[in-house]
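Each chain, letter by letter, is given below.
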Amino acid sequence: MVELPGKALAQELIRQSHEESHATPMAAVIQAAREGTLQAEESFRLIGHLWTLERLFYYVYGGWGQGLEVGDFPPSVKYLFSRQIMDESTHEMLYLDTLLRRRWVKTQREAFGHSYGQFRIDSALAYYAFSLRNLATYPHSIRIAALNLGAKIVELTWMEGLAEALTDTDLQGVFTSQFVENRSHINMGRRIVEECIRTPFEAELCRWACGVVRRDYGMFLRELSDTVLGREAVVEAQVAPLRVHD
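Residues numbered from 1 in each chain as written. Predicted model: local features only at pLDDT ≥ 70, side-chain atom pairs only at ≥ 80, totals over all residues. Heavy atoms only, no water.

A. Broad picture of the environment of A203. Relative to the assigned elements, A203 resides in helix 10 (residues 200-228). Here the alpha-carbon distance between A203 and V193, two residues 10 residues apart in the chain, equals 8.8 Å. (Helix = DSSP H or I, 4+ residues; strand = E, 2+ residues; numbered from the N terminus.)

Structure representation (C-alpha cells):
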C-alpha cells in the first residue's frame, strides 16, 4: 500500500494542537460551570459572542471559496468544504435559536443590535476572523490544515469540557450537538493534509499557518472568557515570522 505523502505531517499537527488544547482560557469558564456560577447572564454573553463568531465564517468561507478553481483540487475536496460551510451555517442558526428560545432577545433584529452580538473591529474576534480571511491567498489545503487541524481541535476540546461541566441540559445540548460536525471537520483536515501536502515547502507552510491560527484563536478565547466572566478584555496583536525552506 502506498504511503500517503502527508500522513506524518497530519499526525504531527494533530498532536501539537491536542497538546495546546488542554490549557486554554476557556478553562475558567468551564470551572465556573462546575461551581454553578455560570448563570443566565454569563450564558447569554457566551452564546451571543459565539453566534457573532459563527456569522463571520460566511465572510471567511466566502473569500476562501473564491480561491477554488476548476481542476485545482479533486471534487471530493470541494465537496467536503461545501459540507463544512453548511455545518457552520447550522451552528450559527443553533446559537441564534438558543438566544431566541431562552428569551434573551425577542427578535433576530434585537440580537444583531445587542452588545453581546455585535461585531467590533477593535476585538480579538475581528483579529481572528481577518487572520483566517487572509489565508485566502494560500492554497486551500494549507488553510484547511490551519483551521481544521488547529483551531477546530482546540474548539472541540473546550466544548467537550464545558458540556461535561454544565448542569443546564438545554445549554449542554447546544454544544454536544456540534460534536459530530467538529469531528468531521478535523477528519476532513487530516484527509486533505495526508493526500494533498506533498512537498517540504507545503509542509512548512502548514506548520506556520496552523500555529498562527491556533495563536489567534487563543486570543479570541481569552477575550471570550474575559467577556463571559465579566473581566476586562485586552487585545494584544502579535506577528509570527514565517520561515520556509524549499
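B. Main features of the packing of aromatic side chains. Inspection of every chain in the model, using the stated rule, returns 14 aromatic pairs. Their ring planes at 25° and their centres at 6.4 Å tell us that W64 and F81 sit as a pair that is stacked. Taken as a pair, W64 in helix 3 (residues 40-66) and F81 in helix 4 (residues 75-101) lie far apart in primary sequence, 17 residues in all. No difference in accessibility class separates W64 from F81, as the two residues are buried. Grouping aromatic residues by their ring pairs yields a cluster made of F57, Y61, W64 and F81. Over the ring of W51 we find R55, and its NZ or CZ is 4.1 Å from the ring centre. For the cation-ring pair, R133 lies above Y59, with the distance from its terminal atom to the ring centre recorded as 5.6 Å. (Phe/Tyr/Trp six-rings, centres within 6.5 Å; stacked < 30°, edge-to-face > 60°. Buried < 20%, exposed > 50% of the residue type's maximum accessible area, 1.4 Å probe, protein only. Lys NZ or Arg CZ within 6 Å of the ring centre and 35° of its normal.)

C. Looking closely at the side chain of D216. Position of D216 among the secondary structure elements: in helix 10. Overall, the relative accessible area of 1% leaves D216 in the buried class. A distance of 2.6 Å separates a polar atom in the side chain of D216 from a polar atom in the side chain of S131. (Polar contact = N/O pair within 3.5 Å; in protein donor to acceptor, adjacent residues only side chain to side chain.)

D. Layout of the nonpolar core. Counting 78 residues, the largest nonpolar core has W64, L162 and F175 as its most contacted members. Ranked by the residues each element gives to this core, the list is headed by helix 7 (residues 140-165), at 15 residues. In contact with F175, other than residues within four places in its own chain, are L46, I47, L50, Y95, W158, M159, L162, A163 and L166. (Core = buried A, V, L, I, M, F, W, Y, C linked by side-chain atoms within 4.5 Å. Contact = heavy atoms within 4.5 Å.)

E. Region of the structure containing the packing of helix 7 against helix 8 (residues 169-176). One can describe the packing of helix 7 onto helix 8 by two numbers: an axis separation of 9 Å at closest approach and a directional angle of 160°. Considered as vectors, helix 7 and helix 8 are oriented roughly antiparallel to each other. Once helix 7 is placed against helix 8, the crossing between them reads as left-handed. Every residue of helix 8 that contacts helix 7 at W158, M159, L162 and A163 is listed here: Q172, F175 and T176. Partitioning the contact of helix 7 with helix 8 into residue classes produces five nonpolar, two polar and no charged. (Axes fitted to C-alpha atoms, helices over the stretch in contact; angles between N-to-C directions. Parallel < 35°, antiparallel > 145°, perpendicular 65-115°, else oblique. Left-handed = near helix turned anticlockwise from the far one by under 90°. Nonpolar A, V, L, I, M, F, W, Y, C, P; charged D, E, K, R; others polar.)

F. How the structure looks around helix 3. Spanning 27 residues, helix 3 covers 40 Å between terminal C-alpha atoms, matching the ideal 39 Å at 1.5 Å per step. Burial of helix 3 is extensive: 20 of the 27 residues sit out of reach of the surface. (Expected span 1.5 Å × (residues − 1).)

G. Structural view of the pattern of salt bridges. Applying the stated rule across the entire model yields 16 salt bridges. With a closest N to O distance of 2.8 Å, R215 and D216 form a salt bridge. A salt bridge links R231 to D226; the shortest N-O distance between them is 2.9 Å. Through salt bridges with shared partners, a single network forms among D97, R101, R102, D168 and D170. (Salt bridge = Lys/Arg side-chain N within 4 Å of Asp/Glu carboxyl O.)

H. Structural context of unusual backbone geometry. One non-glycine residue, R103, adopts positive backbone phi at about 60°. If you trace the backbone, R103 turns up in the loop between helix 4 and helix 5 (108-113). The class for R103 is exposed, based on a relative accessible area of 76%.

I. Structural context of a nonpolar patch on the surface. Together, Y59, F119, I121 and F130 make up an exposed nonpolar region whose accessible area comes to about 370 Å². Here F130 shows up in helix 6 (residues 124-134). Look at F130 and you get partly exposed, because its relative accessible area is 32%. (Patch = residues over 30% accessible without salt bridge, like charges linked within 9 Å, V, L, I, M, F, W, Y side chains within 5 Å. Areas by Shrake-Rupley, 256 points an atom, 1.4 Å probe, with all protein chains shown as cover.)

J. Seen up close, helix 4. Its 27 residues give helix 4 an end-to-end C-alpha distance of 39 Å, which sits within 8% of 39 Å, the value for a rise of 1.5 Å per residue. The first or second residue beyond helix 4 is R103, which carries a positive phi of 60°.

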